[in-house]
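Chain by chain, the residues run as shown.
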Amino acid sequence: MVHKGDDHGAYCLKSEDGNCSRPYGFGIIRQTITDDSSVEGQQYCGINESKTTCEAVLKANDPCSSATECGSVPGDAVCDTVGITGPLCSYPCADDFECTGTLGCNGYCGAP
């Protein structure tokens, strides 16, 4: 995967079959790891890589005292009030469907 254009590791992704769920509703195209060189890029359920990282999504709603506890690279996460609770880890988003659970997006998931 990438974050803001930079390589950011390899991850297992669910094949996009019309059933992507929050927060992995952002369609991404990747080449599969296979011996079959005829396989073109496949569509997968993913995150908005221009906004955040998988690490930040996985730490969403964890208690925190600073953003460095919430992500893996600068700018991929925040430590703030989420809903009415905080401080908790969250991450930048562009759309409600990019957020975990039922949290909405107001710059980041669960922002008041």
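Before reading further, recall that the structure is shown in the block above.
Because the structure is predicted, anything quoted here is derived from the model rather than measured.

Undergrad: So what's going on with the state of the cysteines? Which residues, and what values?
TA: Using the criterion set out here, one finds five disulfides in the structure. Between the sulfur atoms of Cys 70 and its disulfide mate Cys 89 the distance is 2.1 Å. Here Cys 70 and Cys 89 share a disulfide; its torsion about the S-S bond, -75°, makes the bridge left-handed. Of this pair, Cys 70 sits in the loop between α1 (54–58) and β5 (78–82) while Cys 89 sits in strand β6 (residues 85–90); the two residues are 19 residues apart in sequence, bridging distant segments of the chain. For the protein chain, the bonded cysteines connect in the pattern 1-2, 3-5, 4-6, 7-9, 8-10 when numbered consecutively along the sequence.

Undergrad: Tell me about the nonpolar core, and please be specific about residues and values.
TA: Nonpolar side chains in soluble globular proteins tend to be buried together. Among the nonpolar cores identified, the biggest contains 13 residues, and Cys 70, Tyr 91, Cys 99 and Cys 109 are the most heavily contacted of them. The leading source of residues in this core is α1, at three residues. Setting aside residues up to four positions removed in sequence, Cys 109 forms contacts with Val 82, Ser 90, Tyr 91, Cys 93, Glu 98, Cys 99, Leu 103 and Gly 104.

Undergrad: Can you tell me about the environment of Pro 23, naming the residues and giving the values?
TA: Mapped onto the elements of the fold, Pro 23 is located in the loop between β2 (6–7) and β3 (26–30). C-alpha of Pro 23 to C-alpha of Phe 97: the two residues are 74 residues apart in sequence and 6.1 Å apart in space. Those residues in contact with Pro 23 that sit more than four places away from it in its chain are Gly 46, Ile 47, Val 57, Tyr 91, Phe 97, Glu 98, Cys 99 and Thr 100.

Procedures and definitions
- Residues numbered from 1 in each chain as written.
- Predicted model: local features only at pLDDT ≥ 70, side-chain atom pairs only at ≥ 80, totals over all residues.
- Heavy atoms only, no water.
- Disulfide = S-S within 2.5 Å.
- Helix = DSSP H or I, 4+ residues; strand = E, 2+ residues; numbered from the N terminus.
- Core = buried A, V, L, I, M, F, W, Y, C linked by side-chain atoms within 4.5 Å.
- Buried < 20%, exposed > 50% of the residue type's maximum accessible area, 1.4 Å probe, protein only.
- Contact = heavy atoms within 4.5 Å.

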